[in-house]
Amino acid sequence: MNISELSRTVAFRLTLLYSLFFAACVIMLLGFVYWQTATEMTRRVDQILTLENIRLAGIRRDHLPDEIDKSLQRDLRHIYFYALFSPDGRMIAGNVPRLPPGIVVDGGIYETNFLATNMQAQPLSARVLAVHLDSGNTLLIGHDVQQLIEFGEIMRRAFFWGGSLTILLGLMFGLALSFRPLRRVEQIRQVCELIARGSIRHRLPISKHRDELDMLAAVVNRMLDEIERLMSEVKSVGDHIAHDLRTPLTRLRAVLYRMQQQLGDAPVQRAMADQLVVEVDSLLLRFRALLRISEIENKQRREGFKLIQLSEILEQAFNFIEPLAEDKTIHLSMVAEHVDSIYGDGELLFEAIVNLLDNAVKFTPAGGRIEVKLSCGVGGARVDIIDSGSGIKESEKMAVLNRFYRGENELQTSGFGLGLSIVMAIIRLHDFGFELGDANPGTRATIFCWPRSV
Amino acid sequence: MSLRGRGDGYKEMLQVTKILTIEDDATTAQEIVDELSNHGFEVDWASNGKDGLDRALHGHYDLITLDRMLPFIDGLAIVTAIRAKNIDTPVLMISALSDVDERVDGLRAGGDDYLVKPFASEEMAARVEVLLRQRNRPERQTKLRVADLELDLVARQANRNGRVLDLLPTEFRLLEYMMRNSGQIITRTMLFESVWGYHFDPGTNIIDVHIGRLRRKVDDTALLPLIHTVRGSGYMLSEHI
């Protein structure tokens, strides 16, 4: 379970979406508060400026510089600006050295930055009102708006941190929320994989929370119950048929054999009887092979499993099949690395390897080569059986592992097409891997002797 | 065709061998009885487990063929009961249950051999012959001899007509099994089970190939052939044909 998996869950996505939406709401709310506050503050500053203008307009012109000085002295907080400029732009009184640019002298209120005499270091933001006096001078009244700007600054920080924190918390909350469902999904996935591999007896876990996953799991479990019931029904029908066939087949074989024994000197009939016995025997052989496959497939227990040395089994199989290869002048060779002993059923693995070798001998023309290799693979021992035969077409690879399938070029060789199915049943019982590949030319059959689930 | 008694001395010839067949299917039972009668045995048939157990305990038989699944008392219980009474009559179990575990259960309970249905009559008869033979065999043999073929079990050496045969371990075991059961028909399945110790159908003609190899070493062209092919059934090692 990693971050990318976590971030794909519905819970995570929903939480993230909610937190983004929430962050946007917070920003909008703060923005609205700021806008309202700023508007109100500006309105009050403007009101003050208008009132101050009216007050100064009522003062006699020659007292104006004195009044400005007094006003500045009263302003302990240094938030007012006054200035009286002569028509040539020189400051007669006040604390603003020159008329700031961008100010239209028309009694309107403008916002601007300028350097005040009492605060030379940095330009100040202020709302400013300027009017022409009838004496030709210009009167400027200003009010500091630093507070407003600082307030805006605070709001912007609040926007940033508030938004980021909301999103961050949302992310964390989303991850935390998706952890549990994802763990459940992981459990379900593991169980499903077991089921897909054939252990139909497993069921999906159901928690006590009765959430939507539990509802789904319950439905799937009911479905699995039904599938298992159907499968066992089909199997028991199959087993019954097979079982019921055993006795008639035994009888058939016995009566034919008796007939063959009692025919005496009737060459034509004898030949026919011989032919019949041969046919029935091949029927019995196929029948036994089919029963064998279902026997192996039905094996749930692994009682016969113990630690075994693959090299010993391979050597036995090699010695067993070697005369067959020699008869067909096929060169059979074996290379065995040292590998750890594996856990399995030696008898069944011998059967599987003999089947594979037998197949290899069948498909390799006289004078060819078959190599048996035991080596260390990624997860444990691997067995390769490489022949120099005609190989298997890519399109046929899956089919040859099925019951009764015989390759096109197999028509002239004997065999019942069940050998590889038996091999597959044995491999599945062990939970090993199996692969048919190209050996250019020829076929490479590989058994990977480690659990597929790892 | 009676194969009984070759090289066995007269004792067995004079004494009729009695076999009990416990089998609930009448046709199968009939076939077993017919086939074994053909081999010169006297065969009694019990059609259910109760009857079968009763006869097995009191009938003094030389061999019992026993079906695994029977009415009233099943085959496993019968063989267990017989062995509990210290009756060591050889038992050939015949069963539709072919699983290796079932075979192990059958043999563990006291069965001497295990034959899976559907079976061929010759196979069954051959196994019966071998089981009867085993019973009369002296315990410790160090040398086996058939005609001029000699097998030294201690030195693990075979020689024919005074010449040492160069045998592989498998070939030695094959020859040993065939010589221990000389004069008997031995099927391919029996060879595979006893020489290689596996219980599945090895398919193809691989046992034949092994026998062919052994035959080339044992039966030199100049000598009397000892290994014979019994058509449709298997092999026999014998100095008579």
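Keep in mind it's a predicted model, so treat the numbers as computed, not measured.

A. Main features of the overall build of chain B. Check the secondary structure of chain B and you find nine helices and 12 strands. Considering chain B as a whole, with its 241 residues, one finds that 40% of them fall into the buried category. If you take every contact in chain B between residues at least 6 apart in sequence, the share linking residues at least 24 apart comes to 59%.

B. Geometry of the interface of chain A and chain B. Every contact between the two is made by 33 residues of chain A and, on the other side, 29 residues of chain B. Where the side of chain A that touches chain B is concerned, the elements lending two or more residues are helix H5 (212-262), helix H6 (267-298), helix H7 (310-327) and helix H8 (346-363) of chain A. Sort the elements by how many residues they give to the side of chain A that touches chain B and H5 of chain A lands first, with 10 residues. Looking at the side of chain A that touches chain B, its residues break down into 14 nonpolar, seven polar and 12 charged.

C. Local environment of unusual backbone geometry. One non-glycine residue, His78 of chain A, lies in positive phi territory at about 55°. On the secondary structure map, His78 of chain A appears in the loop between helix H3 (64-74) and strand E1 (80-85). Using a count of 14 C-beta atoms within 10 Å as the deciding quantity, one classes His78 of chain A as partly exposed. Of note in the backbone geometry, Asn161 of chain B takes a positive phi value of approximately 55° without being a glycine. For Asn161 of chain B, the location among the structural elements is in the loop between strand E8 (157-160) and strand E9 (163-165). Overall, Asn161 of chain B belongs to the partly exposed group, with 13 C-beta atoms counted inside 10 Å.

D. Representation of the sheet that holds strand E4 (residues 91-95) of chain B. Residues and elements named next belong to chain B. Taking strand neighbours across the sheet as the criterion, the five strands line up as E2-E1-E3-E4-E5 in an open arrangement whose pairing is parallel. The sheet terminates laterally at strand E2 (42-46) and strand E5 (113-116), the two strands that pair on one side only. Averaged over all pairs of adjacent strands, the angle between strand axes in this sheet comes to 20°, irrespective of strand direction. Inspection of the sheet shows strand E1 (residues 18-22) paired to strand E3 (residues 63-67) by four bridges, in the parallel sense. Across the sheet, residue Ile19 finds its bridge partner in E3, namely Leu63.

E. Geometry of the pairing of strand E12 (residues 443-448) of chain A. Residue and element names in this part refer to chain A. Burial along E12 is one-sided: Thr443, Ala445 and Ile447 are buried, and none of Arg444, Thr446 and Phe448, which face the opposite way, are. With five bridges connecting them, strand E10 (residues 381-387) and E12 associate as antiparallel partners. Each residue of the ladder has a partner; that of Ile386, found in E12, is Arg444. Two strands pair when backbone bridges link them, and strand E11 (residues 433-438) and E12 are joined in this way by six bridges, in the antiparallel orientation. Its bridge partner lying in E12, Glu435 is registered against Thr446. Hairpin connection of E11 to E12: four residues between the antiparallel strands, including Asn440 at a positive phi of 45°.

F. Main features of the sheet that holds strand E11 (residues 227-230) of chain B. Residue and element names in this part refer to chain B. Spatially, three strands are ordered E10-E12-E11 in an open sheet, and the strand pairing comes out antiparallel. In this open sheet, the two edge strands, each paired with only one partner strand, are strand E10 (186-187) and E11. Both E11 and strand E12 (residues 234-237) contribute to a ladder of four bridges, which runs antiparallel. In the strand pairing of E12, Val230 is matched with Gly234.

Conventions we followed
- Residues numbered from 1 in each chain as written.
- Chains lettered and ligands numbered in written order.
- Predicted model: local features only at pLDDT ≥ 70, side-chain atom pairs only at ≥ 80, totals over all residues.
- Helix = DSSP H or I, 4+ residues; strand = E, 2+ residues; numbered from the N terminus.
- Buried ≥ 20, exposed ≤ 12 C-beta atoms within 10 Å, placed from the backbone.
- Contact = placed C-beta atoms within 7 Å.
- Nonpolar A, V, L, I, M, F, W, Y, C, P; charged D, E, K, R; others polar.
- Pairing = 2+ DSSP bridges.
- Axes fitted to C-alpha atoms, helices over the stretch in contact; angles between N-to-C directions.

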